[in-house]
Amino acid sequence: MPKIRYERPVLKRLESSMPNKFGMRTEYAPMPQIDGVAVADLIKEHGSPLFVISEKTLRSNIRNARKAFEIRYPKVQFAWSYKTNYLNAVCSIFHQEGSWAEVVSGFEYDKALALGVNGRKIIFNGPEKTVEDLTKAIGHDSLIHIDHLEELYTIVNLSEQLNKKPRVAIRVNMDTGVYPMWDRFGFNYENGQAWDAINKIMHSGRMELVGLHTHIGTFMLAPFAYGTAAMKLADLTTSLREKFNHDIKYIDMGGGFASKNTLKGSYLPGVDTNPSVDEFAEAIASALLNANFKKDKLPLLILETGRALVDDAGYLLGTVISNKRSSTGKRTTILDIGVNILFTSFWYDHKITPAQPFTHYAEDTMLYGPLCMNIDVIRENVSLPLLNKGEHIVVHNVGAYNMTQWMQFITLRPRVVLIDEASHVHVIREGEKLESITAMEKIPEYLRKFAL
Ligand SMILES: *Cc1c(COP(=O)(O)O)cnc(C)c1O
């Protein structure tokens, strides 16, 4: 008998038509309107797919977050993380609510300035700041958070040339008990790099060391990690006081608080399991209050919270193109929403609800986008009622990173509208047209003609 060839086993959970812990019912109720505006009307007026941002939710999120920190700590300042969502209207809402700007590139820096943010209230993070970027930031007296020694030396040089004393902080990374550690940005605490950078700044006498910064990760589910990080930064301030008799003005704890999205592979929805802003605030405020600060020397606490403030304020509306059965008989539904505009579908099981009432019969469904690409999957498995061609769905919690990481690919990027607190709808970004793309292209003269 010939030897049978070994084949690597593959384990795959069979989910089709199996009840979950909650039985066979669909996960959600229909969502026919957002902030008093009918989904069907939004799509009729602005097309499908369509991004929708709720101003009411944005403002209530930032107010609640501020309150969570301010009741625990006396000096708090939020700075809006531009890369999380840098649509001008969104940034302006945060600036109206008192948030400074937190930027990580020359492009974002210019965007904040153009929007009218005072340069002194721009925090400049990130590993790539060109000489031009730094010259501009020093000129505007912005807060420059140094990422590496090359940057530190460039600033020393520029401070001489410009005859200015730039306001700087260093970014510190550390072991917070959450792994893998984010140690690629800034200077490490445990191995002494952070203390080394601090000494270089203090002895040069060319910069004003105003703060210490960290950003320990993103979509963090462990508030205790922030407590550990705050303690380590507070330790550095003690050493600074002892050696240089220098008090820093602020401690910036970065962003990274988890939003209410559900990470792929989680059994329970993120709304039930992810920590609230209050839990993060408690960990950070306790660590700082319990540290060695005299009452009148308590540093300002800066927070660069991004996703936790904007994710649930964003919705993506879409329309059913068709239904099919896969080769295994599983129901598949094709939507007009592709992964090119919903990047976060690679790591979240987004909550998805039909926009119209439905019957109680539900079936495990695979949701595909419209792209001619096998990876274009919006949900691998979601219990949904039957959706007919032309019906609408609402994707929830899409406010963070999708409107900055989206790409024009095969289809054009859609409009974005804002629903204000009086339920008026404003277009805040036009949908792309063919000309939006071709306007940037150039064609060499000799390629202009062909005969077919
Ligand atoms: C991305 C980023 C943030 C915001 O992170 P979220 O996970 O969106 O809260 C804050 N600070 C820095 C330095 C960042 O790079």
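All residue numbers refer to position in the chain's written sequence, counted from 1. Totals for whole chains, interfaces and linings use all residues, but because this is a predicted model, local features are given only for residues with pLDDT of at least 70 and pairs of side-chain atoms are given and counted only at 80 or more. By convention in this description, side-chain values take in all heavy atoms of the structure and omit both hydrogens and water.

Visitor: How would you summarise the packing of helix α5 (residues 131-139) against helix α6 (residues 149-162) if you had to cite specific residues and measurements?
Guide: Between N-to-C directions, angles span 0 to 180 degrees; the directions come from axes that are lines fitted to C-alpha atoms, helices contributing only their stretch in contact. Secondary structure follows DSSP: runs of H or I at least 4 residues long count as helices, runs of E at least 2 residues long count as strands, and numbering of each begins at the N terminus. It is the contact of α5 with α6, at a shortest axis distance of 10 Å, that shows an interaxial angle of 55°. By the angle between their axes, α5 is oblique relative to α6. The interaxial crossing formed by α5 with α6 has right-handed handedness. Judged by residue contacts, Val-131, Leu-134, Thr-135 and Ile-138 of α5 engage Glu-151, Thr-154, Ile-155, Leu-158 and Leu-162 from α6. When grouped by side-chain class, the residues that make up the contact of α5 with α6 number 6 nonpolar, 2 polar and 1 charged. Roughly parallel refers to an angle under 35 degrees, roughly antiparallel to one over 145, roughly perpendicular to one between 65 and 115, and oblique to any angle outside these ranges. Each crossing gets its handedness from the near helix: less than a right angle anticlockwise from the far helix is left-handed, clockwise is right-handed. Residues count as neighbours in contact if any of their non-hydrogen atoms are within 4.5 Å of one another. Note on residue categories: nonpolar means Ala, Val, Leu, Ile, Met, Phe, Trp, Tyr, Cys or Pro, charged means Asp, Glu, Lys or Arg, and polar means any other residue, Gly included.

Visitor: Explain the site of the ligand residue by residue, including any values.
Guide: Around the ligand sit 16 residues in total, of which Lys-83, Thr-218, Gly-256, Glu-304 and Tyr-401 are the nearest. As used in this structure description, the phrase polar contact means that two N or O atoms lie within 3.5 Å; if the pair is within protein, one of them must be able to donate a hydrogen and the other to accept it, and residues adjacent in sequence are counted only when both atoms belong to side chains. The separation between an oxygen atom of the ligand and a polar side-chain atom of Thr-218 is 2.5 Å. Across the shell around the ligand, the residue classes break down as 1 nonpolar, 10 polar and 5 charged. For this purpose, a residue is taken to be near a molecule or strand whenever a single non-hydrogen atom of the residue falls within 4 Å of it.

Visitor: So what's going on with the pattern of salt bridges? Which residues, and what values?
Guide: Should a side-chain nitrogen of Lys or Arg be within 4 Å of a carboxyl oxygen of Asp or Glu, the pair is scored as a salt bridge. Under the counting rule described, the total for this entry stands at 25 salt bridges. With its nearest N and O atoms 2.6 Å apart, the salt bridge here joins Arg-413 to Glu-432. With a gap of 19 residues between them, Arg-413 in the loop between α12 (402-405) and β19 (416-419) and Glu-432 in the loop between β20 (425-429) and α13 (434-438) connect regions that are remote in the sequence. By the burial criterion, Arg-413 is buried, and Glu-432 matches it. Taking the shortest distance from any N to any O, the salt bridge between Glu-445 and Arg-448 comes out at 3.1 Å. Residues joined by salt bridges that share partners form a network here, namely Glu-55, Arg-59, Arg-63, Arg-66, Glu-70, Glu-97 and Glu-421. The cut-offs for exposure are 20% and 50% of the maximum accessible area for each residue type, with area from a 1.4 Å probe on protein chains only; residues under the lower value are buried, those over the upper are exposed, and the others partly exposed.

Visitor: Explain a nonpolar patch on the surface residue by residue, including any values.
Guide: The patches reported here contain residues having more than 30% relative accessible area and no salt bridge. Joining distances are 9 Å for like charges and 5 Å for nonpolar side chains (Val, Leu, Ile, Met, Phe, Trp, Tyr). We get accessible surface area from the Shrake-Rupley algorithm with a probe of 1.4 Å; when it comes to residues, only the shown protein chains can shield them. On the surface, Phe-346, Trp-347, Met-373, Ile-375 and Ile-410 cluster together into a nonpolar patch covering about 470 Å² of accessible area. Structurally, Phe-346 can be placed in the loop between β14 (331-335) and β15 (352-354). With a relative accessible area of 38%, Phe-346 lands in the partly exposed category.

Visitor: I'd love a proper account of the domain arrangement of the chain, names of residues and values included.
Guide: Here the bounds of each domain stem from an automatic or database domain assignment. Partitioning the chain into structural domains gives domain 1 (33-52 + 313-431) and domain 2 (55-311). One C-alpha centre belongs to domain 1, the other to domain 2; they are set 33 Å apart. On the domain 2 side, the residues contacting the 25 residues of domain 1 number 24 residues. Roughly 2,300 Å² is buried in total at the junction of domain 1 and domain 2, and carbon and sulfur atoms are behind 52% of that figure. Broken down residue by residue, the surface that domain 1 buries against domain 2 is led by Ala-313, Tyr-348 and Tyr-401, which jointly contribute 29%. Between the two partners, domain 1 and domain 2, sit 3 salt bridges. Its salt-bridge partner being Glu-421, residue Arg-59 comes within 3.8 Å of it at the nearest N-O pair. Counting every contact that joins domain 1 to domain 2 gives 16 residue pairs in polar contact (both at pLDDT 80 or more). For the side of domain 1 that touches domain 2, the secondary-structure elements that each account for two or more residues are α12, β19 and β20. Take the side of domain 1 that touches domain 2: its biggest share by element is 3 residues, from β19. Two parts placed together each lose some accessible area; with a 1.4 Å probe, that loss summed over both constitutes the buried area.

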